[in-house]
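Chain by chain, the residues:
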Amino acid sequence: GDSVTQMEGPVTLSEEAFLTINCTYTATGYPSLFWYVQYPGEGLQLLLKATKADDKGSNKGFEATYRKETTSFHLEKGSVQVSDSAVYFCALNRGGADGLTFGKGTHLIIQP
Amino acid sequence: DTGVSQNPRHKITKRGQNVTFRCDPISEHNRLYWYRQTLGQGPEFLTYFQNEAQLEKSRLLSDRFSAERPKGSFSTLEIQRTEQGDSAMYLCASSYERWSEAFFGQGTRLTVV
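Every value quoted in this text rests on a predicted model; they were computed, and no experiment measured them.

Peer 1: Is there a simple way to explain the interface of chain B and chain A in this structure?
Peer 2: Accessible area lost upon the coming together of the parts is a frequently used measure of interface size. Across the boundary between the two partners, chain B contributes 22 residues, which contact 23 residues of chain A. Between chain B and chain A, the buried area comes to about 1,800 Å², and carbon and sulfur atoms account for 50% of it. It is W99(B), E101(B) and F104(B) in chain B that bury the most area against chain A; as a group they hold 31% of the surface buried on that side. For the pair chain B and chain A, the number of links is one salt bridge. K49(A) is the partner of E101(B) in a salt bridge, and the nearest nitrogen-oxygen pair spans 2.9 Å. Our enumeration of links across chain B and chain A arrives at six residue pairs in polar contact (both at pLDDT 80 or more). Broken down by secondary-structure element, the contributors of at least two residues to the side of chain B that touches chain A are β4 (31-37), β5 (44-50) and β9 (88-95) of chain B. Of all the elements, β4(B) adds the most residues to the side of chain B that touches chain A, at three residues. Taken together, the residues of the side of chain B that touches chain A break down into ten nonpolar, seven polar and five charged.

In structure tokens:
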């Protein structure tokens, strides 16, 4: 079945550091890929998406590129802020009746 | 606010009681999903509606769980005879197309004591 694997956290960085959160997936066909962010006690917010190979999704300084050859969708940001502290989820959608398949999430902590 | 709305935000119930949660999706979305999220895990798919039809329910956790979407608008998720293991965040999401992103509500946090 479909699966998403993310790097385990917590990931602790200093403010203004470069961020990479790794995500790889296993799925048949050509899924759409997503990153969601979850702040404490809240639901999930869509951060960015990519719908086909080599697409780059970007939002709020975050970027991720759909790499079909490596089945990856790594999240990057050049300079993180304390306000970026949250849990980040990588997800795929193969268009099936079960909607999105999520990774376990990566807890990001940014220290001032 | 035109986002996905869930009520209540928090529910504390005694073991053995029934609980019902409500989800109001984004109005133009005909696809509605329920997920469960436990601490430190990603959301786990439970069930899916397209309009009023429940097209996938095999992943509901037990026969104590049921969901409805009677007129293709809001949806309810009911858990009968709650158990402590049912304590979790229950998330509702809606989407416009089968390949598109889902928009999530803020969730209902259930605590069974």
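From this point on, the discussion continues.
Peer 1: Explanation requested: the side chain of T76(B) in the structure shown.
Peer 2: Residue and element names in this part refer to chain B. Turning to its location among the elements, T76 is positioned in strand β8 (residues 75-79). Classification of T76 as buried rests on a relative accessible area of 19%. When residues no more than four places from it in sequence are discounted, the contact partners of T76 are T20, F21, R22, W34, S66, A67 and E68.

Peer 1: So what exactly am I meant to see when it comes to the environment of E16(A) here?
Peer 2: All names here are of chain A. Within the secondary structure, E16 sits in the loop between β2 (11-14) and β3 (19-21). Given a relative accessible area of 60%, E16 falls into the exposed group. Here E16 is in contact with G78, S79 and V80, once residues within four sequence places are set aside.

Peer 1: Help me understand the pattern of salt bridges, please; the structure alone is not making it clear to me.
Peer 2: Pairing between side chains of opposite charge can happen when their charged atoms approach one another. Residues and elements named next belong to chain B. By the definition in use, this model includes nine salt bridges over all chains. Of the charged contacts in the structure, one is a salt bridge between D24 and R22, with a shortest N-O distance of 2.8 Å. A salt bridge links D86 to R64; the shortest N-O distance between them is 2.8 Å. Of this pair, D86 sits in the loop between β8 and β9 while R64 sits in the loop between β6 (53-56) and β7 (65-68), and the two are 22 residues apart along the sequence. Residues D86 and R64 agree in their burial class; the two are buried. A single salt-bridge network, built from bridges that share partners, covers R64, E83 and D86.

Peer 1: Quick question: what am I supposed to make of the environment of T65(A) here?
Peer 2: Residue and element names in this part refer to chain A. Relative to the assigned elements, T65 resides in strand β8 (residues 62-65). Look at T65 and you get buried, because its relative accessible area is 17%. Each C-alpha atom of the pair T65 and K49 lies 9.0 Å from the other, and the pair is 16 residues apart in sequence. When near neighbours in sequence (up to four residues on either side) are disregarded, T65 contacts D54, D55, K56, S72, F73 and H74.

Peer 1: Explanation requested: the state of the cysteines in the structure shown.
Peer 2: Among covalent bonds in proteins, the disulfide is the one between the sulfur atoms of two cysteines. With the rule as written, the count across this model stands at two disulfides over all chains. The partner cysteine of C23(A) in its disulfide is C90(A), sulfur to sulfur 1.9 Å. What sets the handedness of the C23(A) and C90(A) disulfide is the S-S torsion sign, and at about -70° it is left-handed. Of this pair, C23(A) sits in strand β4 (residues 23-26) while C90(A) is found in strand β10 (residues 86-93), placing the two residues 67 residues apart along the sequence. Residue C23(A) is classed as buried on the basis of its relative accessible area of 0%. Its relative accessible area of 1% is what places C90(A) among the buried residues. With its sulfur 1.8 Å from that of its partner, C23(B) forms a disulfide with C92(B).

Rules used throughout
- Residues numbered from 1 in each chain as written.
- Chains lettered and ligands numbered in written order.
- Predicted model: local features only at pLDDT ≥ 70, side-chain atom pairs only at ≥ 80, totals over all residues.
- Heavy atoms only, no water.
- Contact = heavy atoms within 4.5 Å.
- Buried area = accessible area lost by both parts, 1.4 Å probe.
- Salt bridge = Lys/Arg side-chain N within 4 Å of Asp/Glu carboxyl O.
- Polar contact = N/O pair within 3.5 Å; in protein donor to acceptor, adjacent residues only side chain to side chain.
- Helix = DSSP H or I, 4+ residues; strand = E, 2+ residues; numbered from the N terminus.
- Nonpolar A, V, L, I, M, F, W, Y, C, P; charged D, E, K, R; others polar.
- Buried < 20%, exposed > 50% of the residue type's maximum accessible area, 1.4 Å probe, protein only.
- Disulfide = S-S within 2.5 Å.

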